[in-house]
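Observations on the model geometry
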Amino acid sequence: MDMIVQIGPQHLALAEPERFKIHTEGEKVVDVEMAVGYNHRGIEKLAERKTFEQDILLVERICGICSMSHPVAFTQAVEDIAGVDIPERANHLRMIIAELERIHSHLLWAGIAAEIIGIETLFMYIWKDREFVLDQLEIITGNRNHYAWNTIGGCRKDITEEHFPGLLTAIEVVERRTEFYIDSFLRNRTIKARLIGTGVLPKEDARRLCTVGPTARASGYAVDVRKDDPHLAYNKVEWEEIVLDEGDNMTRAKVRLLEILESAKIIRQAIQALKELPEGDIAVPVKEVPPGESVGRYEAPRGEVFHYVKSNGTFYPERLKVRAPTYANIQAVPIMLLGDTLADVPISLASIDPCFCCTDR
Amino acid sequence: MFPYRWPVLIPASAARIGDFMNLDIQPFISVLIVPGLLFTSVMAFLYAGMYRKVRARMQNRRGPPFVQPFYDFVKLLSKESIKPEKSGMLFTWAPIIALASVLIVPILFPIGGLSFAGDLIVVIYVLNISAIMLAVGGFSSGSPFGAVGGSREVTQLFAYELPLAISMVAVAVKAGSFSLTGIAEAQESSGMFFYQLPFACIAFLSIIPAKIGLQPFDIPEAEQEILGGPLVEYSGYRLAIFTFSNQVKYFVVISLAVILFFWRNWWQFLITGFLLWLLFIFIKIISARVKTDQSFVFFWQYMSILALIDLVRVVI
């Protein structure tokens, strides 16, 4: 029995509108058509009509979850054009918030994945623990999301002694809980039955389709901007790049959960570094942006965020181009789905951690 | 508080009134009050309320009030019920037949219900009708999600029917009777069948999540995959009846397990039912949803063998 099942634009497994036409024979998936663009907001064009300072807030609103990724990529590009080196402390400050964001994003993903395969208890638990990180973000930056942390030339606020104890406690709690969740994912028989061997993305396809982030690293394709092109202070801290080989949904879950532990390590070392660096040295003033063009690369929780900025010497950028990680990863979804059953579609689709508002901008 | 022996007393005193009026009204009491319509409805809402509350507490949530399923039922009755253009007459009749079929089962329970030789066979068939009606409702809704849900429901039915039948037959052979009352009486004299037929009991218990649509076997209603499957196009009073028939199924199937394997007397019947229900809520909240092929392997390869062991033991 041939049938076309529409996943989206509105579907429970998708938090955002995007359409997937699944052609099935019985329960088996034989073809997938994708249509992206339901969430287009014209942000790139809008950015040309705002000043650089305003654009930081604008690109921050490209995505609600990786709201650190886009501003950092953008400001890095602009700082490169202006030829300024931001203070060491600002690099560490950005890195701490970035890694906190990675933790909460990965926890959010793990919860959604658990909910999609039908184990809502794990979803409730994980999202409760995610609140520890969000609370710290609120204490430090003033907002749970959309931190308004960056400015051209550095950061807008400082993390001081009074923030350290709470931050360290939250990190420790999250670390402990994450170990419990890794254990749950690896040992619960029903979760294993759903995740192992489904949505397989072979390494060749991962490389051929230029996948990024945890999706690529779970297929054995080691690509991570933090290692390949170290920005911020990632080359000053010790951490491991998690690369696993199997390429199925379970591996993508494992990679993300293990990255939470690595992020916790990075934050601890960054806090140590902050204690030694002079306080208050968080930004250098940038008076004007000369004509020129540059790119900013940043490893977001979902993969590489790429910003291209062209300046013509005015207060306004002439062109801003954003490439979001999901735009690279979504090409891999049909390969994961083909041959699997309809029951695997939502979890395989969610396993790339899709962020469609980034994709469509 | 009700009198101590109320489920037994009401039919008995009612029968006396019937004698006085020269009319046997016991069957009407059994069908309409205990253990029929009224008692079953109350128990169904209790089970459903417990399901939502216990699940919420175990997940670090507050959860809705205990009577929320009843509120939902009344609310849905007052809402508009939309019938898809493509759907047929069965779209309306499927929920009604499903509810009627599950409401027939408790009338046969040995707590003051009717009884006749061979009513176990009736129970097996009547419980299947509700599952088939869910599939029929899904198919007739004209939505691909409904159709997929319907086909999953039928596949699931095939999967768990074999161990279900084998374990029930093992119980019947052991009791020497094909009626629920006979099985209950046999257990009153020789002790619970749980001790004598442990494998058949495990097989039967493993079927319950599939029968009432809970994780790990809520494959037909998978919300994140096929948006609730057969129920996707239902709304208003049709949805209310379908949901209520599912909630009645919670009580009926659990009670059936108690009668077949854990029967002692009528009040322990109620308590054991609640305890078993707690167990299944717990299993629900710690498991993910498996896939159709995996549930097939589970039921045919493992549970059927388990049930067969006990059937062979009993027959020999």
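Residues numbered from 1 in each chain as written. Chains lettered and ligands numbered in written order. Predicted model: local features only at pLDDT ≥ 70, side-chain atom pairs only at ≥ 80, totals over all residues.

With respect to the overall build of chain A
Scanning chain A from terminus to terminus reveals 15 helices and 8 strands. In terms of overall size, chain A behaves like a compact globule, its C-alpha atoms giving a radius of gyration of 20 Å where 361 residues would be expected to give roughly 21 Å. With the C-alpha coordinates of chain A rotated into their principal frame, the extents come out at 65 × 45 × 30 Å. Expressed as a percentage of its 361 residues, the buried residues of chain A come to 54%. Pairs at least 24 residues apart make up 71% of the contacts formed inside chain A by residues separated by at least 6 positions. (Helix = DSSP H or I, 4+ residues; strand = E, 2+ residues; numbered from the N terminus. Rg over C-alpha atoms; globule rule 2.2 N^0.38 Å. Buried ≥ 20, exposed ≤ 12 C-beta atoms within 10 Å, placed from the backbone. Contact = placed C-beta atoms within 7 Å.)

Looking at the overall build of chain B
Counting its regular elements, chain B contains 14 helices and 0 strands. Helices (α) and strands (β) of chain B occur, in sequence order from the N terminus, as α-α-α-α-α-α-α-α-α-α-α-α-α-α. Taken over C-alpha atoms, the radius of gyration comes to 20 Å for chain B, in line with the 20 Å a tight globule of 316 residues would show. Seen through its C-alpha atoms, chain B measures out along the principal axes to roughly 55 × 50 × 40 Å. A buried classification covers 51% of the 316 residues belonging to chain B.

Observations concerning the sheet that holds strand β6 (residues 292-300) of chain A
Residues and elements named next belong to chain A. Spatial ordering of the open sheet is given by β6-β7-β8, a layout of 3 strands whose pairing is antiparallel. Looking along the sheet, the strands with just one partner apiece sit at the ends: β6 and β8 (317-323). In this sheet, neighbouring strand axes are inclined to one another by 15° on average, regardless of whether the strands run parallel or antiparallel. Of the strand pairs in this sheet, β6 and strand β7 (residues 303-311) are connected by 9 bridges, and their pairing is antiparallel. Across the sheet, Ala 300 pairs through a bridge with Gly 303, a residue of β7. Docked against the sheet, helix α3 (residues 69-82) engages β6, β7 and β8, running at close to 150° with respect to β6. (Pairing = 2+ DSSP bridges. Axes fitted to C-alpha atoms, helices over the stretch in contact; angles between N-to-C directions.)

A short note on helix α10 (residues 198-212) of chain B
All names here are of chain B. Look at α10: 22 Å from first C-alpha to last across 15 residues, which is about the 21 Å you get at 1.5 Å a residue. Counting buried residues in α10 gives 11 out of 15 residues, a clear majority hidden from the surface. Looking at α10, one finds that the buried residues are Ala 200, Cys 201, Ala 203, Phe 204, Ser 206, Ile 207, Ile 208, Pro 209, Ala 210, Lys 211 and Ile 212. Among the structural elements, α7 (144-175), α9 (193-196), α12 (236-261), α13 (266-286) and α14 (292-315) are those in contact with the buried residues of α10. Phi turns positive, to about 75°, at Gly 213, one or two residues after α10. (Expected span 1.5 Å × (residues − 1).)

What about the interface of chain B and chain A?
Put simply, an interface is often sized by how much accessible area is lost when its parts join up. At the junction of the two partners, chain B supplies 23 residues and chain A supplies 25 residues. Of all the secondary structure elements, the ones that give two or more residues to the side of chain B that touches chain A are α7, α11 (223-226), α13 and α14 of chain B. Top element by residues in the side of chain B that touches chain A is α11(B). It accounts for 3 residues. Across the side of chain B that touches chain A, the residue classes tally to 10 nonpolar, 7 polar and 6 charged. (Nonpolar A, V, L, I, M, F, W, Y, C, P; charged D, E, K, R; others polar.)

Some remarks on the sheet that holds strand β1 (residues 2-7) of chain A
Residues and elements named next belong to chain A. If you trace the 3 strands from one edge of the open sheet to the other, you get β1-β2-β3, paired in antiparallel fashion. Of all the strands in the sheet, the pair left with one neighbour each is β1 and β3 (28-35). Taken pair by pair, the neighbouring strands of this sheet meet at an average axis angle of 20°, ignoring direction. As defined by bridge partners, β1 adjoins strand β2 (residues 19-25) across 6 bridges and the pair is classed as antiparallel. Among the inter-strand pairings, Asp 2 is bridged to a residue of β2, identified as Glu 25.

Some words on the nonpolar core
Residue and element names in this part refer to chain B. If you look at the biggest cluster of nonpolar residues, it comprises 210 residues, and the most contacted ones within it are Val 171 and Leu 260. Sort the elements by how many residues they give to this core and α12 lands first, with 17 residues. Discounting residues that sit within four places of it in the chain, Leu 260 has contacts with Met 168, Val 171, Ile 183, Phe 193 and Phe 204. (Core = buried A, V, L, I, M, F, W, Y, C linked by C-beta atoms within 7 Å.)

Brief notes about the environment of Tyr327(A)
Residues and elements named next belong to chain A. On the secondary structure map, Tyr 327 appears in helix α12 (residues 325-329). Tyr 327 sits in the buried class, given 20 other C-beta atoms within 10 Å. Separated by 193 residues in sequence, Tyr 327 and Leu 134 place their C-alpha atoms 26 Å apart.

Describing the packing of helix α3 (residues 37-58) of chain B against helix α4 (residues 68-77) of chain B
Residues and elements named next belong to chain B. Contact geometry for α3 and α4: axes closest at 7 Å, N-to-C directions at 115°. Between α3 and α4, the crossing angle belongs to the class labelled roughly perpendicular. In contact with Phe 45, Ala 48, Gly 49 and Arg 52 of α3, α4 contributes Gln 68, Pro 69 and Phe 70. Residues that form the contact of α3 with α4 fall into these classes: 4 nonpolar, 2 polar and 1 charged. (Parallel < 35°, antiparallel > 145°, perpendicular 65-115°, else oblique.)

Observations regarding the pairing of β7(A)
All names here are of chain A. Along β7, 7 of the 9 residues are buried, which leaves the element largely enclosed by surrounding structure. Taking the residues that link successive antiparallel strands as the turn, the β6-β7 hairpin has 2 residues. Where β7 meets β8, 6 bridges bridge the pair, whose relative direction is antiparallel. Each residue of the ladder has a partner; that of Phe 306, found in β8, is Arg 323.

So, helix α2 (residues 52-60) of chain A
For an α-helix, 3.6 residues make a turn, and residues three or four places apart therefore share a direction. All names here are of chain A. Within the span of α2, buried status applies to Phe 52, Asp 55, Ile 56, Val 59 and Glu 60. Here the buried residues of α2 occupy an arc of 135° about the axis, which is enough to place them on one side. Where α2 is buried, its residues contact α1 (43-47), α3, β4 (150-151) and β8. (Arc of directions from axis to C-beta.)

Examining the environment of Ala94(B)
Residues and elements named next belong to chain B. Secondary-structure assignment places Ala 94 in helix α5 (residues 90-104). On the neighbour-count criterion, Ala 94 (29 C-beta atoms within 10 Å) is buried. Excluding residues within four positions of it along the chain, Ala 94 makes contact with Met 133, Val 136, Gly 137 and Ser 140.

Focus on unusual backbone geometry
Along the chain, Gln215(B) connects to Pro216(B) via a cis peptide bond; the corresponding omega equals 5°. Counting through the fold element by element, Pro216(B) comes out in the loop between α10 and α11. Even without glycine at this site, Ala148(A) takes up a positive phi of about 50°. Mapped onto the secondary structure, Ala148(A) falls in the loop between α5 (120-141) and β4.

Any link to function would need more than the numbers given here.
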